[in-house]
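# Notes for the structure review
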Amino acid sequence: MARIGFIGLGNMGAPMARNLVKAGHAVTVFDLSPAAIAAIPGATPAESAAAAALQAEFVFTMLPAGPQVRDALLGSGGVAAAAPEDAVLVDCSTIDVATARALAAECGRAFLDAPVSGGVMGAEAGTLTFMVGGDAAAFAAVEPLLGVMGRTAILCGAAGAGQAAKACNNMMLAATMIVTAEAFVLAEKLGLSHQALFDVASKSSGQSWSLTTYCPVPGPVPGSPANRDYAPGFAASLMLKDLGLAVGAAQAEGLELAVGEKALEIYRRFVEEGGGGVDFSGVVRMVR
Ligand code: NAD
């Protein structure tokens, strides 16, 4: 049994914390929302983020973005200073690479950036994928807990490497989704049925996860959000956030990303036109 602090009990953090409690760990939880704290039965409620970290061997954060993580870890009454010296801080939020690297350097404790993919369903089922940056010994120590909340954990490299992997992966996902949507709309114009394009491309070089698991038109993949009027799933607003992190990281390196930047532009427009709460595969409607 590990002593765990868990900070940030939203759509993702709550089911992750619940899975740790279910596995028999001693979990102390904090969120700005008292209702979120109350929704983790079996956990010990804390009055502040620092209080959740006081006795912890591991402190997880699952917060919206870099500023909130920085504030929770290093702000007044912050987690890093409160946690025991040998505690491992594990940030599972999706944040920018630069902040992740800075936190690793500044927090004075072992720090891992460990963003996830798999969404709320993966968090509930305990099947998340963790992509981790930081020290190998800290990774080995926390791996059994990642195994409670997820199915796969990959140490990608030094501090920031987990966030880098997440940004790169989601940029590929956004681009393949847009071009898959464009292919289906082109097929419609050319009189080719959705099913025929799917049958060919899923067995050919056009194959991708966006096609075979998350097909953006209804029919070929019964479980895809297209079949439930694009209820998320993975909301377009979150995809826009992740694309912003990828393009921002590229710009900081002086790198131009023709397709990544275009994907950002397309999702920005989709969100501005009211699609923020729609699944990101709903971009097919805008293409059409
Ligand atoms: P959410 O908005 O549902 O939850 C965030 C929680 O953090 C809220 O309960 C909020 O009250 C709390 N919070 C904010 N600031 C705080 C602070 N300073 N101290 C304590 N609590 C604070 O967000 P979410 O969907 O759970 O996402 C969390 C992170 O996971 C984000 O970085 C997101 O990009 C990433 N992510 C989300 C998904 C998804 O499908 N929702 C998938 C992969 C990754």
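Numbering of residues starts from 1 in every chain and runs along the sequence as written. In keeping with the model being predicted, local features are shown solely for residues with a pLDDT of at least 70 and side-chain atom pairs are shown and tallied solely at 80 or more, while totals for entire chains, interfaces and linings include all residues.

## Observations concerning the overall build of the protein
Strands are runs of DSSP state E lasting at least 2 residues, helices are runs of H or I lasting at least 4, and numbering of each runs from the N terminus. A count of helices and strands for the protein gives 14 helices and nine strands. Computed over C-alpha atoms, the radius of gyration of the protein comes to 20 Å, within 12% of the 19 Å expected from 2.2 N^0.38 for 288 residues, which places it in the range of a compact globule. The principal-axis extents of the C-alpha atoms in the protein amount to approximately 65 × 45 × 35 Å. Counting other C-beta atoms within 10 Å of a residue's own tells you its class, since 20 or more makes it buried, 12 or fewer makes it exposed, and anything in between is partly exposed; those C-beta atoms are placed from the backbone. Counting only residues that meet the buried cut, the protein has 50% of its 288 residues in that class. Only C-alpha atoms enter the radius of gyration, while the globule expectation follows 2.2 Å times N to the 0.38, with N the number of residues.

## With respect to the UniProt feature "domain: 3-hydroxyisobutyrate dehydrogenase-like NAD-binding" (unreviewed entry) in the protein
Using the residue numbers shown here, the UniProt feature "domain: 3-hydroxyisobutyrate dehydrogenase-like NAD-binding" (unreviewed entry) corresponds to residues 160–286. Annotation note: span residues 160–286, helix share 63%, strand share 0%, distance between end C-alpha atoms 34 Å. UniProt positions are given in the numbering used here, feature names are shortened, and annotations may be inferred rather than shown by experiment.

## Observations concerning the site of the ligand
In the vicinity of the ligand lie 28 residues, with G10, N11, M12, S93 and T94 positioned nearest. Counting residues per element, the ones that place at least two in the shell around the ligand are α4 (66–74), α7 (119–125) and α12 (236–252). With three residues, α4 is the largest single contributor of residues to the shell around the ligand. Of the residues contributing to the shell around the ligand, the split by class is 16 nonpolar, nine polar and three charged. Domains are outlined according to an automatic or database domain assignment. Split by domain, the shell around the ligand shows at least three residues from each of two domains, domain 1 (3–158) and domain 2 (164–287). Placing a C-beta atom from the backbone of each residue, we mark the residue near a molecule or strand if the atom is within 6 Å of it. Three classes are used: nonpolar for Ala, Val, Leu, Ile, Met, Phe, Trp, Tyr, Cys and Pro, charged for Asp, Glu, Lys and Arg, and polar for all others, with Gly counted as polar.

## Regarding helix α13 (residues 258–275)
Of all the positions in α13, only G260, A263, L264, I266, Y267, F270 and G275 are classed as buried. The buried residues of α13 occupy one face: seen down the axis, they fall within an arc of 170°. With respect to the buried face of α13, the exposed residues turned more than 90 degrees away are A258, E265, E272 and E273. We call two residues in contact whenever the C-beta atoms placed from their backbones are within 7 Å. Taken together, the buried residues of α13 touch α9 (161–189), α12 and α14 (283–287). In this description, the arc belongs to the directions extending from the helix axis to the C-beta atoms.

## Here we look at the environment of M177
Among the structural elements, M177 can be located in helix α9. Measuring from C-alpha to C-alpha, the distance between M177 and R18 comes to 32 Å, with 159 residues separating the pair along the chain. In contact with M177, not counting residues within four places along its chain, are S210, P216, F280, S281 and V283.

## Some details on the domain arrangement of the protein
Under the domain assignment, the protein is made up of domain 1 (3–158) and domain 2 (164–287). The centre of domain 1, based on its C-alpha atoms, is set 29 Å off from the matching centre of domain 2. With nine residues of domain 1 in contact, the opposing surface of domain 2 contributes 11 residues. When the residues that make up the side of domain 1 that touches domain 2 are grouped by side-chain class, the tally is five nonpolar, three polar and one charged.

## Some words on the UniProt feature "domain: 6-phosphogluconate dehydrogenase NADP-binding" (unreviewed entry) in the protein
UniProt marks residues 3–154 with the feature "domain: 6-phosphogluconate dehydrogenase NADP-binding" (unreviewed entry), using the numbering shown here. Within residues 3–154, the helical portion is 42% and the strand portion 24%, while the C-alpha atoms at the span's ends are 23 Å from each other.

## Considering unusual backbone geometry
Look at the link from P232 to G233: it is a cis peptide, with omega at 15°. The topology assignment puts G233 in the loop between α11 (209–212) and α12. For D229, which is not glycine, the phi dihedral falls at a positive 55°. One can find D229 in the loop between α11 and α12. Judged by local crowding, D229 falls into the exposed class, with 10 C-beta atoms found within 10 Å. Phi is positive for Y230, which is not a glycine, with a value near 65°. Overall, the presence of 23 C-beta atoms within 10 Å leaves Y230 in the buried class.

## What to know about the nonpolar core
A set of buried Ala, Val, Leu, Ile, Met, Phe, Trp, Tyr and Cys residues, joined to one another through C-beta atoms within 7 Å, is what we call a nonpolar core. Ranked by internal contacts, the top residues of the largest apolar core, which has 102 residues, are V29, V59, V79 and L89. When residues in this core are grouped by element, the largest group, 12 residues, is from α9. Among residues more than four places away in sequence, those in contact with L89 are V59, L73, V79, A80, A83, C107, R109, A110 and F111.

## Regarding the pairing of strand β6 (residues 110–113)
Every regular strand shows the same layout, with side chains that alternate between the two sheet faces. By the alternation rule, side chains of β6 split into A110 and L112 and F111 and D113, which are all buried. Crossover connection from strand β5 (residues 88–91) via helix α6 (residues 97–106) to parallel β6: handedness right-handed. Here, the term right-handed applies to a crossover whose path from the first strand over the helix to the second runs clockwise when the strands point away from the viewer.

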